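Overview (structure and organization)
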Amino acid sequence: MAEVTRHEPGMFNWVDLMTTDVESAKEFYSTLLGCETVDNPVGDDFVYTLFSRNGKNIAGMSAMMPDMLEQGVPPHWNSYVAVANVEEAAAKAAGLGATLIMPPMDVMEFGRMASIIDPTGAALNLWEAKTHIGVDVIGEAGAFCWAELYTHDTDAAGSFYSSLFGWEAQQAEGGGGMPYNLFTSGGPLASGGSPVAGMLLIQPIWGEVPPNWTVYFGVEDLDTALEQVKAMGGSMQVQPMSIPNIGRISLISDPQHVYVMLIELEQAA
């Protein structure tokens, strides 16, 4: 397992699903990722479910909040980035043009979080860890592997995240020859920097896609996983695509129409 015990500030450290059908999502993702689920009652009538593999946390899930449903927010995956101090990070984000949609708050003994919408319209969570560091396993089949920003303004988004987290944006070749932007931490890849996330310009052919951070999960065999998706009421949105030296990817939709990327990693990835 690619186990981790700490997430450095500026690195993606957690993902969780907000859904309209918790039981369906449990069955779908536990089967697809080969994981277990553990329900954790939190307060009155609220349950936070953990997805885990061999006792190691890989993601979370909860039912959507009533106010979100009233506002017409669709089911979705949330992405979190680790920060050393959530108050400072939230204030810095606001100063750079982000909208603070949830001010810093305690999540019991687990940590402190805040939620922002970046200047291009994509939502992101900031997490200051206490007892909960985030995912315990990363970058392998059955676990969170990658985060990717889809935006209408890559220049504005690149400038924002570089200023907020100290990331560097560099261009790389994407799937199908599409221009691809890579965020790295600690300098460019050529100088020893670490990959953090990707970024793509939303294309007109995609239709009405809002700016968003999309989550990648690893699978052992992509073709088998796509058959499981279809059998469980989900659908394949993009045909499998090979990325040299990385693996094969496909965009799917779960039964509640939540989009997520699947990746079958190459051994050398």
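Just above, that's the structure.
To start, this report covers the structure provided alongside it.

About the thresholds
- Residues numbered from 1 in each chain as written.
- Predicted model: local features only at pLDDT ≥ 70, side-chain atom pairs only at ≥ 80, totals over all residues.
- Heavy atoms only, no water.
- Pairing = 2+ DSSP bridges.
- Helix = DSSP H or I, 4+ residues; strand = E, 2+ residues; numbered from the N terminus.
- Buried < 20%, exposed > 50% of the residue type's maximum accessible area, 1.4 Å probe, protein only.
- Phe/Tyr/Trp six-rings, centres within 6.5 Å; stacked < 30°, edge-to-face > 60°.
- Expected span 1.5 Å × (residues − 1).
- Arc of directions from axis to C-beta.
- Polar contact = N/O pair within 3.5 Å; in protein donor to acceptor, adjacent residues only side chain to side chain.
- Axes fitted to C-alpha atoms, helices over the stretch in contact; angles between N-to-C directions.
- Parallel < 35°, antiparallel > 145°, perpendicular 65-115°, else oblique.
- Left-handed = near helix turned anticlockwise from the far one by under 90°.
- Contact = heavy atoms within 4.5 Å.
- Salt bridge = Lys/Arg side-chain N within 4 Å of Asp/Glu carboxyl O.

**Concerning the pairing of strand S17 (residues 259–265)**
Side-chain direction in a regular strand flips from residue to residue, so the side chains alternate between the two faces of the sheet. Both strand S13 (residues 212–218) and S17 contribute to a ladder of 3 bridges, which runs parallel. Counted as the bridge partner of Tyr 216 is Met 261 from S17. For strand S16 (residues 247–253) and S17, the ladder comprises 7 bridges, and the chain directions are antiparallel. Along S17, the bridge assignment pairs Ile 249 with Ile 263. Taking the residues between adjacent antiparallel strands as the criterion, S16 and S17 are bridged by 5 residues, where His 257 takes a positive phi near 65°.

**Comments concerning the pairing of strand S5 (residues 76–82)**
Counting buried residues along S5, 7 of its 7 residues qualify, which places the element largely inside the surrounding structure. Of the two faces of S5, both are covered, the one formed by His 76, Asn 78, Tyr 80 and Ala 82 as well as the one formed by Trp 77, Ser 79 and Val 81. Sheet topology note: the strand S1 (residues 12–19)/S5 ladder contains 6 bridges and is antiparallel. By the bridge assignment, Leu 17 is partnered in S5 with Trp 77. Here S5 pairs with strand S8 (residues 123–129) via 3 bridges, running parallel. Within the sheet, the bridge partner assigned to Val 81 lies in S8 and is Leu 126.

**A look at the packing of aromatic side chains**
Each aromatic ring pair is characterised by the separation of its centres together with the angle its planes make. Scanning the model with the defined rule gives 16 aromatic pairs in all. Pairing Tyr 150 with Trp 206 gives two aromatic rings, centres 5.4 Å apart and planes at 65°, and the pair type is edge-to-face. Placement of Tyr 150 in strand S9 (residues 144–151) and of Trp 206 in the loop between strand S12 (194–201) and S13 is noted, with a sequence separation of 56 residues between them. A relative accessible area of 10% places Tyr 150 in the buried class.

**A look at helix H4 (residues 154–165)**
Over its 12 residues, H4 runs 16 Å from end to end, which matches the ideal 16 Å to within 8%, given 1.5 Å per residue. Taken residue by residue, H4 has Thr 154, Ala 157, Gly 158, Phe 160, Tyr 161, Leu 164 and Phe 165 as its buried positions. Seen end-on, H4 carries its buried residues on one side only, within an arc spanning 165°. The backbone nitrogen of Asp 155 has a side-chain oxygen 3.3 Å away, supplied by the residue at the start of H4, namely Asp 153. Gly 166, located one to two residues past H4, shows a positive phi value of around 80°.

**A word on the packing of helix H1 (residues 22–33) against helix H5 (residues 222–231)**
Their axes nearest at 10 Å, the elements H1 and H5 cross at an angle of 165°. The angle between the axes of H1 and H5 places the two elements in the roughly antiparallel class. Pair H1 / H5 crosses with right-handed handedness. Across the interface between the two elements, Phe 28, Thr 31 and Leu 32 of H1 pack against Ala 225, Gln 228 and Val 229 of H5.

**Some points on the pattern of salt bridges**
Per the stated rule, a full pass over the model turns up 9 salt bridges. Notably, a salt bridge pairs Glu 3 with Lys 56, separated by 3.8 Å at the nearest N-O pair. Of this pair, Glu 3 sits in the segment before S1 while Lys 56 sits in strand S4 (residues 56–63); the two residues are 53 residues apart in sequence, bridging distant segments of the chain. The class of Lys 56 is partly exposed, set by a relative accessible area of 28%.

**Focus: helix H3 (residues 86–95)**
Along H3, the residues that are buried comprise Val 86, Ala 89, Ala 90 and Ala 93. Take H3 and look down its axis: the buried residues cluster within an arc of 95°, on one side only. Counted as exposed and oriented over 90 degrees from the buried face of H3: Glu 88, Ala 91 and Gly 95. Those residues of H3 that are buried are in contact with strand S6 (99–107), strand S7 (111–117), S8 and H4. Where H3 begins, the capping side chain belongs to Asn 85, and its oxygen is found 3.1 Å from the backbone nitrogen of Glu 87. Of the residues one or two after H3, Gly 97 is the one with positive phi, at around 110°.

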